Amino acid sequence: MKALVLAGGAGTRLRPITHTSAKQLVPVANKPVLFYGLEAIAEAGITEVGVIVGETAPEIEEAVGDGSGFGVKVTYIPQERPLGLAHAVVIAREFLGEDDFVMYLGDNFIVGGISGLVDEFRAERPDAQILLTKVQDPTSFGVAELDGQGRVVGLEEKPQEPKSDLALVGVYLFTPVVHEAVRAIEPSWRGELEITHAIQWLIDQQRDVRSTTIAGYWKDTGNVTDMLEVNRSVLETVEPLVEGVVDGDSEIIGRVRVEQGARITDSRIVGPAVIGGGTVISGSYVGPFTSVAEGCRIEDSEIEYSIVLRGASITGVRRVEASLIGRDVEVTPAPRTPSSHRLVLGDHSKVQISS
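Since the structure is predicted, the reported quantities are computational estimates derived from the model, not experimental observations. (Residues numbered from 1 in each chain as written. Predicted model: local features only at pLDDT ≥ 70, side-chain atom pairs only at ≥ 80, totals over all residues. Heavy atoms only, no water.)

**Some words on the sheet that holds strand β27 (residues 313–315)**
Across a sheet, strands are paired by hydrogen bonds formed along the backbone, either parallel or antiparallel in direction. Note the threshold: Here, any two strands with at least 2 DSSP bridges between them count as paired. Under the scheme used here, helices are H or I runs from DSSP no shorter than 4 residues and strands are E runs no shorter than 2 residues, and both carry numbers assigned from the N terminus.
The strand order across the open sheet formed by six strands is β15-β18-β21-β24-β27-β30, and the pairing between neighbours is parallel. In the strand order of this sheet, the two ends are held by β15 (245–246) and β30 (330–331), each with one partner. Strand direction decides the pairing type here: β15 and strand β18 (residues 263–265), joined by two bridges, are parallel. When the sheet's bridge partners are listed, V245 is paired in β18 with R263.

Here you go:
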């Protein structure tokens, strides 16, 4: 069995962060989201992985390498532009051959991994198996309709009037019959080959399409709100460990990981939290559910429930929360006089100002 990981796409909902970084590499608890997926695939016993890459290919390839760090062998498959999930299956045909495979969206996060799902699929080998979960707003997802016996009878992509609240999670399992399905469908109104259309084709052909509804934790990390929530979830599992330097005037409370090379002086860190290597925190408060990447500087500031990326600095600021701070960003207080705000903002930025 092989795996097909989708790591292309522009990540428009995470702009401006994704103007300069692949969305799959935005870190959760100081580890890129994509890495959690690759680890889950390896844990399921799958060693051959095809990674679909787009315009961020150099960054993805540098981060993942040949896959040996995850216990897998990676083959990169370029996609000129995002043309749909089914299109990814089309261009991966040579890599996939006649093997069964799991398709995993690289910006999705599933607590508990996929080993149980893969084992079930290997044992019973339906033509396709999809993961479903209940969501509050089905119009933002692919949605499944089940009959009275729980069988999949229909799929819709982001429907205006959903027939259920069961959304497709970004993990799909297929036998080689799916290759016939992706060749049989036409592009949608979005100009993309939709995987929901390919699965619907299988249903219409009386193929065996099954579903598993998960009650556990799943998130599509495509926006800041979900990134922060996933970060919170992962930090809940952090084991306390201090490898850096913490002076006697500082206080570490709860599950806090201070990585080697970090230095904390005259500060209070309340976990769960992760402080990256080479980061300096002085005279500050870092609150729960905060991950600070490597090489950052936080001075005379307060921050909580946030993600701070590599090389960022926060100085003299009260108070930062529910924020995603990009790489090499500088956050400082605004001048008190005159009473105005001075802003330098990139395209697609979002700013909230307390007047």
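**Some points on the sheet that holds strand β22 (residues 285–286)**
Strand order in this open sheet of five strands is β16-β19-β22-β25-β28, and the pairing throughout is parallel. At either margin of the open sheet sits one strand with a lone partner, and together these are β16 (251–253) and β28 (320–321). Bridge analysis of strand β19 (residues 268–270) against β22 gives two bridges, and the strand direction is parallel. Looking at β22, one finds that I269 is bridged to V286.

**Some remarks on a nonpolar patch on the surface**
Stated formally: Within the patch definition used here, like charges are joined within 9 Å and nonpolar side chains (Val, Leu, Ile, Met, Phe, Trp, Tyr) within 5 Å, considering only residues with over 30% relative accessible area and no salt bridge. What sets the accessible areas is the Shrake-Rupley method with a 1.4 Å probe; for residues, cover comes only from the shown protein chains. Basic side-chain nitrogens of Lys or Arg form a salt bridge, by our definition, when they fall within 4 Å of a carboxyl oxygen of Asp or Glu.
Among the surface-exposed residues, L343, L345, V351 and I353 lie close enough to one another that they form a single nonpolar patch of about 340 Å² accessible area. Tracing the backbone through its elements, the reader meets L345 in the segment after β30.

**Brief notes about the environment of T196**
The condition is simple: By definition, residues are in contact when any of their heavy atoms lie within 4.5 Å.
Residue position: T196 is located in helix α7 (residues 195–204). Considered as a pair, T196 and V245 are 49 residues apart in the sequence and their alpha carbons are 52 Å apart. Residues in contact with T196, not counting those within four places in the same chain, are G142, L155, E156, E157 and L168.

**Brief notes about the pairing of strand β1 (residues 2–7)**
What counts, and what does not: Think of it in three bands: with a 1.4 Å probe and only protein chains considered, a residue is buried below 20% of the maximum accessible area for its type, exposed above 50%, and partly exposed in between.
Counting buried residues along β1, six of its six residues qualify, which places the element largely inside the surrounding structure. Because side chains alternate across β1, one face comprises the buried residues K2, L4 and L6, and the other comprises A3, V5 and A7, equally buried. Pairing analysis gives six bridges linking β1 to strand β4 (residues 48–53), with the strands arranged parallel. Residue pairing for β4: A3 is matched across the bridge by V49.

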